[in-house]
Amino acid sequence: MYALVDCNNFYVSCERVFSPHLEGKPVVVLSNNDGCLIARSQEAKDLGLKMGEPYHLVRPLLEQHQVHVFSSNYGLYGDMSRRVVRVLSEFSVGVEVYSIDEAFLDFHGLSLMENDLHAYGVRVKETVKRDTGIPTCVGIAPTKTLAKLANRLAKKHGTNGVLLLDTEARWQKALTLTPVEDVWGVGRRYARKLYDMDIRTGAALAAMPEHWMRRHMGGVVGQRLWRELHGQSCLEWNPAEWDEHDELQPSHASRHSVTCTRSFGRPQHDAAVLSEAVATFTAKAAEKLRKHGVVAHLVTVILGTDKFAATAGPTTHSVAVTLPNASYDVSLLTQAALQGLHRLRRPGVAYHRAGVLFSGLEPAGQGQLGLFAGTAADQQRSQQLMKTLDNLNARFGRQVVRLAAAGVAKKPDGKPKEPAWAGRSAHRSPLYTTGWGELWQLR
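The numbering scheme is per chain: residues are counted from 1 as the chain's sequence reads. For a predicted model such as this one, the threshold for reporting local features is a pLDDT of at least 70, and the threshold for listing and counting side-chain atom pairs is 80 or more; totals across whole chains, interfaces and linings nevertheless cover every residue. For the side-chain quantities, the full set of heavy atoms in the structure was used; hydrogens and water were omitted.

S.K.: Help me get a handle on the overall build of the protein chain, residues and values and all.
M.R.: Check the secondary structure of the protein chain and you find 14 helices and 15 strands. Relative to a compact globule of 443 residues, whose C-alpha radius of gyration would be 22 Å, the protein chain shows 24 Å and is just as compact. Considering only C-alpha atoms, the protein chain reaches an extent of 65 × 60 × 50 Å along its principal axes. Going through the 443 residues of the protein chain one by one, you find that 43% of them count as buried. Considering only contacts in the protein chain between residues 6 or more positions apart, those separated by 24 or more positions represent 66%. Computed by Shrake-Rupley with a 1.4 Å probe, the accessible areas treat only the displayed protein chains as cover when residues are assessed. A total of about 23400 Å² of accessible surface is found on the protein chain, and carbon and sulfur atoms cover 53% of it. As used throughout, the charge tally considers Lys and Arg to be positive and Asp and Glu to be negative, leaving His and the chain termini uncounted. Each charge is placed at NZ for Lys, CZ for Arg, CG for Asp and CD for Glu. With 53 positive and 43 negative side-chain charges, the protein chain shows a spacing of 5 Å between the two charge centroids. A run of DSSP states H or I qualifies as a helix once it reaches four residues; a run of E qualifies as a strand once it reaches two. Both are numbered from the N-terminal end. Taken over C-alpha atoms, the radius of gyration is set against a globule rule of 2.2 Å times the number of residues to the power 0.38. Exposure classes here rest on a 1.4 Å probe applied to the protein chains alone. A residue is buried below 20% of its type maximum, exposed above 50%, and partly exposed in between. Working rule for contacts: check all heavy atoms of both residues, and any pair within 4.5 Å makes them a contact.

S.K.: With reference to specific residues and values, describe helix α8 (residues 187–196).
M.R.: Along α8, the positions that sit buried rather than exposed are Tyr190, Ala191 and Leu194. All buried residues of α8 fall inside an arc of 105° around its axis, so they share one side. For α8, the exposed residues lying more than 90 degrees away from the buried face are Arg188, Arg189, Arg192 and Asp196. At its buried positions, α8 is contacted by α9 (202–206) and α10 (210–216). Looking at the residues trailing α8, positive phi occurs at Asp198, about 65°. Of all possible arcs, the one meant is that of the directions from the helix axis to the C-beta atoms.

S.K.: Any chance you could break down the sheet that holds strand β3 (residues 37–40) for me, citing the residues and the numbers?
M.R.: Strand order in the open sheet made by the 3 strands is β3-β2-β4, with mixed pairing throughout. Edge strands, defined here as strands with exactly one partner in the open sheet, are β3 and β4 (68–71). Direction aside, neighbouring strands of the sheet carry axes that sit 25° apart on average. Note: two strands are recorded as paired if DSSP finds a minimum of 2 bridges between them. Relative to β3, strand β2 (residues 27–30) runs antiparallel, the two sharing 3 bridges. The partner of Val28 across the bridge, within β3, is Arg40. To get an axis, a line is fitted to the C-alpha atoms, and for a helix only the part in contact is used. The angle between two axes follows their N-to-C directions and goes from 0 to 180 degrees.

S.K.: I'd love a proper account of the environment of Ala141, names of residues and values included.
M.R.: Structurally, Ala141 is set in strand β7 (residues 136–141). Between the C-alpha atoms of Ala141 and Thr315, which are 174 residues apart in sequence, the distance is 44 Å. Setting aside its immediate chain neighbours within four residues, Ala141 contacts Met1, Tyr2, Leu146, Ala147 and Leu165.

S.K.: Please give an account of the domain arrangement of the protein chain that cites residues and values.
M.R.: Residue ranges labeled as domains rest on an automatic or database domain assignment. Segmentation of the protein chain into domains returns domain 1 (8–76), domain 2 (87–127 + 140–230) and domain 3 (258–406). When each unit is reduced to the centre of its C-alpha atoms, the spacing between domain 1 and domain 3 is 32 Å.

S.K.: Run through the sheet that holds β7, naming residues and quoting values.
M.R.: Ordered by their spatial adjacency, 5 strands build an open sheet running β5-β6-β1-β7-β8, and the pairing between neighbours is mixed. Of all the strands in the sheet, the pair left with one neighbour each is β5 (95–99) and β8 (162–164). Sheet twist, expressed as the average angle between the axes of neighbouring strands with direction ignored, equals 15°. As defined by bridge partners, β7 adjoins β8 across 3 bridges and the pair is classed as parallel. If you follow Ile140 over to β8, its bridge partner there is Leu164. Against the sheet, helix α4 (residues 74–88) makes contact with β1 (2–7), β5 and β6 (102–106), and its axis sits at roughly 150° relative to β5, the strand it touches most.

S.K.: Please provide a residue-by-residue account of the environment of Ala406, values included.
M.R.: With respect to the helices, strands and loops of the structure, Ala406 is situated in the segment after α14 (376–396). Using a relative accessible area of 9% as the deciding quantity, one classes Ala406 as buried. Note: C-alpha distance between Ala406 and Leu442 (36 residues apart in sequence) is 36 Å.

S.K.: Hey, could you go over the pattern of salt bridges for me, with residue numbers and the actual values?
M.R.: Opposite charge on two side chains permits them to pair, given that their charged atoms come into close proximity. Only one rule defines a salt bridge in this text: a Lys or Arg side-chain nitrogen within 4 Å of an Asp or Glu carboxyl oxygen. Counting across every chain of the model gives 13 salt bridges. Here Glu96 makes a salt bridge to Lys144, at a shortest N to O gap of 2.9 Å. Linking Glu96 in strand β5 with Lys144 in helix α6 (residues 144–157), this pair joins segments that are 48 residues apart in sequence. Judged by relative accessible area, Glu96 falls into the buried class, the value being 10%. In this structure, Glu438 and Arg428 form a salt bridge, with 3.4 Å as the shortest nitrogen-oxygen distance. Linking Glu438 in the segment after α14 with Arg428 in the segment after α14, this pair joins segments that are 10 residues apart in sequence.

S.K.: Help me get a handle on a positive patch on the surface, residues and values and all.
M.R.: A contiguous patch of positive charge, built from Arg188, Arg189, Arg192 and Lys193, is present on the exposed surface. Within the secondary structure layout, Arg188 lies in helix α8. A relative accessible area of 74% places Arg188 in the exposed class. Within this analysis, patches are made of residues with over 30% relative accessible area and no salt bridge. Like charges are joined at 9 Å or less; nonpolar side chains (Val, Leu, Ile, Met, Phe, Trp, Tyr) at 5 Å or less.

Laid out in structure tokens, this is it:
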């Protein structure tokens, strides 16, 4: 058996933990650069606010109904997610983090110790709420696909926000209540195809023969989906692990690339400003590589122009730089990224966003050295330097120690100066749990 625990309106719930007076009031959270709505409380949904609506278009409605608006605060949300997963790990031998607000729990063998899995799910939900303040829903079923289905229906059809699908009759009823496009693994393209065949519910899809699913739903992927819908678990299980710094580390198998992209607060032409932004994004992505214990072969630099402009042609441009040897050394990765930026940037063009993407990942220390690679001593020095860098930043604050290419400007008080490319974040709440200067204060 598997359980899927999903945090309700996660970003909004994180804000409410530290602002309890917002309970029962409409709240929305904006995307990077305060662009559009990416999270809404139930009260905001009831006002007709849609996911992805541009902030500047719905601003009059938000002000009319006194909706509380927050800029995205990913430092806070990431830490709250870690706290939720830490609580969940007390209830299962394995936890697979599916997204920032969802995690699968492995309940295999639990029935030998727990007679009532539904009651156990309620205990999971109540403990997460008590220890973190985050409300959740829990779906329990024999496969990950059915657990995802149970979780989706838990709030409306479950008891205390928990739904158990432990018999074929129960999951068949749940499939009957589920539109086919909402079955995990179907997607929009297949949904249109299935509707043309008059297959409109999860139950109708599960009723098709296995060989039909293999033929019409992507070969072995469709066959796996058919088996999952019939209670046969066949999806890969990739549990995360905790390291010595109490940081959650996903398995190597669950990560195929690492990226860091941002929209700018205003368009940027200047090469120096763009270089500083790309170097900063490279450092943040390289830190992720080292946390996951992987190295990258390929560095892709991304630049974006105004997607709403009337000009023809693509608005996103990229260039890839192949490293001689896979690495997580920030100096080598930054050198490659800036080389790619130099090839990609066009003088006089205003860029609205930028980013870097690392791919071709493999576990650190297992890659093949090239003919002209550094000596073993050079490799060891690089590893030790990166370890020291991460330890210093973990102790004194993220990006306190960084390459000069990422910017060194400071305010008169000695604090880092906001870079010219920084995005808008007019409504951000404090970093209550991760910034020493912004800790939650009780008066």
